[in-house]
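Here is what each chain is made of, one letter per residue.
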Amino acid sequence: MNDETINEMIIKCPACGIEGVAKSIMKQLEIPHFGEVMETTIQCPSCGFKHSDIIALEQNDPAKYVLEINKNTLSVRVVRSQSATVIIPEIGVKVEPGPKSEGYVTNVEGVLTRFESAVKRALNLFEDEESQKNAKNTLAQIRELIKGNSTATLIILDPFGQSNVISESVEVLEIPEEELHDLKTGFSYIE
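Conventions used here
Residues numbered from 1 in each chain as written. Predicted model: local features only at pLDDT ≥ 70, side-chain atom pairs only at ≥ 80, totals over all residues. Heavy atoms only, no water. Helix = DSSP H or I, 4+ residues; strand = E, 2+ residues; numbered from the N terminus. Contact = heavy atoms within 4.5 Å. Areas by Shrake-Rupley, 256 points an atom, 1.4 Å probe, with all protein chains shown as cover. Lys, Arg positive; Asp, Glu negative; His and termini not counted. Charge placed at Lys NZ, Arg CZ, Asp CG, Glu CD. Expected span 1.5 Å × (residues − 1). Buried < 20%, exposed > 50% of the residue type's maximum accessible area, 1.4 Å probe, protein only. Polar contact = N/O pair within 3.5 Å; in protein donor to acceptor, adjacent residues only side chain to side chain. Arc of directions from axis to C-beta. Salt bridge = Lys/Arg side-chain N within 4 Å of Asp/Glu carboxyl O. Pairing = 2+ DSSP bridges. Axes fitted to C-alpha atoms, helices over the stretch in contact; angles between N-to-C directions. Core = buried A, V, L, I, M, F, W, Y, C linked by side-chain atoms within 4.5 Å.

The helix and strand tally for the protein chain stands at three helices and twelve strands. With the principal axes as the frame, the protein chain shows a C-alpha extent of 45 × 40 × 40 Å. At a minimum sequence separation of 6, the contacts of the protein chain that also span at least 24 residues come to 61%. About 11,300 Å² of surface is accessible on the protein chain, with carbon and sulfur atoms providing 47% of the total. Mean positive and mean negative side-chain charge positions of the protein chain (18 and 30 charges, respectively) differ by 10 Å.

Here we take up helix α1 (residues 108–125). For α1, built from 18 residues, the straight-helix expectation of 26 Å at 1.5 Å per residue is met to within 8% by its first-to-last C-alpha distance of 26 Å. Among the residues making up α1, those that are buried are Val108, Gly110, Val111, Leu112, Phe115, Glu116, Val119 and Leu123. Its side-chain oxygen placed 3.2 Å from the backbone nitrogen of Glu109, Asn107 serves as the N-cap of α1.

Another point: helix α2 (residues 129–147). Under the 1.5 Å per step criterion, the end-to-end length of α2 is 27 Å for 19 residues, consistent within 8% with the ideal 27 Å. Listed as buried for α2 are Gln132, Ala135, Thr138, Leu139, Ile142, Leu145 and Ile146. What you see down the axis of α2 is that its buried residues fit within an arc of 150°, all on one side. Exposed positions of α2 whose direction lies more than 90 degrees from the buried face are Glu129, Glu130, Lys133, Lys136 and Lys147.

Our focus in this paragraph is the pattern of salt bridges. Two side chains that carry opposite charge are able to pair once their charged atoms sit near each other. For the structure on display, the rule yields four salt bridges. For Arg143, the salt bridge is made with Glu116, and the minimal N-O distance between the two is 3.0 Å. With a gap of 27 residues between them, Arg143 in helix α2 and Glu116 in helix α1 connect regions that are remote in the sequence. Its relative accessible area of 34% is what places Arg143 among the partly exposed residues. The buried category is assigned to Glu116, whose relative accessible area is 14%. Here Lys147 and Glu144 are joined by a salt bridge, their closest N and O atoms 3.6 Å apart.

A few words now on the sheet that holds strand β11 (residues 164–166). Spatially, the three strands line up as an open sheet ordered β9-β6-β11, and their pairing is antiparallel. The open sheet is flanked by β9 (104–107) and β11, the only strands paired with a single partner. This sheet shows a mean twist of 15° between the axes of neighbouring strands, independent of strand direction. Relative to β11, strand β6 (residues 77–80) runs antiparallel, the two being bridged by three bridges. Note that in β11 the partner of Val79 across the bridge is Asn164. Relative to the sheet, α1 contacts β6 and β9, its axis offset from that of β9 by approximately 105°.

The subject of this paragraph is the side chain of Asp158. Assignment of secondary structure puts Asp158 in strand β10 (residues 152–158). Buried Asp158, no salt bridge; nearest opposite-charge side chain is Arg80, N-O distance 7.6 Å. There is a polar contact of 2.9 Å between the side chain of Asp158 and the backbone nitrogen of Phe160. Among the polar contacts listed, one links the side chain of Asp158 to the side chain of Ser163, at a separation of 2.7 Å. Those residues within four positions of Asp158 in sequence are excluded, and the remaining contacts are Pro62, Ala63, Ser81, Ser83, Ala84, Ser163 and Ile175.

A few words on the nonpolar core. Ile69, Ile88, Val108, Leu112, Leu154 and Ile156 are the most contacted members of the largest nonpolar core, which has 29 residues in total. Top element by residues in this core is α1. It accounts for six residues. Once residues within four sequence positions are removed from consideration, Leu154 is found in contact with Tyr65, Val66, Leu67, Ile69, Val78, Val86, Ile87, Ile88, Val108 and Val111. Judged by nonpolar contacts, the second largest core, of seven residues, contains Val66, Leu157, Ile175 and Leu183.

Rendered as structure tokens:
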């Protein structure tokens, strides 16, 4: 991976508002099998705020990535752009992009731990019996996948084709026009 720091500066922290403490770093990277990206990081030593994002600098054709999650694919590299939807249909989990959506580079296990964290947060938010039961069931299924004891399907839908799953086992498909039309991108448009 070849990287070059393009911009590094001290800025006002977007979280605590203290002037001249947060460090902002932007790097341009070439990621194999993916292309040019801009990695941005903001860290504030005063309040602990941290925000990272990966922004694709190239636009490709819309793509749907389908991979079976099993004990042999947990280490498969996953690049998720800020505009991609991530779904594991067998356990009913889905993350759609929003205005604060971030791109990331991880592996399949990392995607699962992100879902695990989200379900744990939901457990704390919803107190009714049915929501608790559903969340605990989903959490148990995610944990079985992380242990490699079960299988499911990882689907990444990217309207800008900026995501990637780097494996010979991945199936890369076109997204049908009607499905593409309904995908969220995380971007706001003013008409």
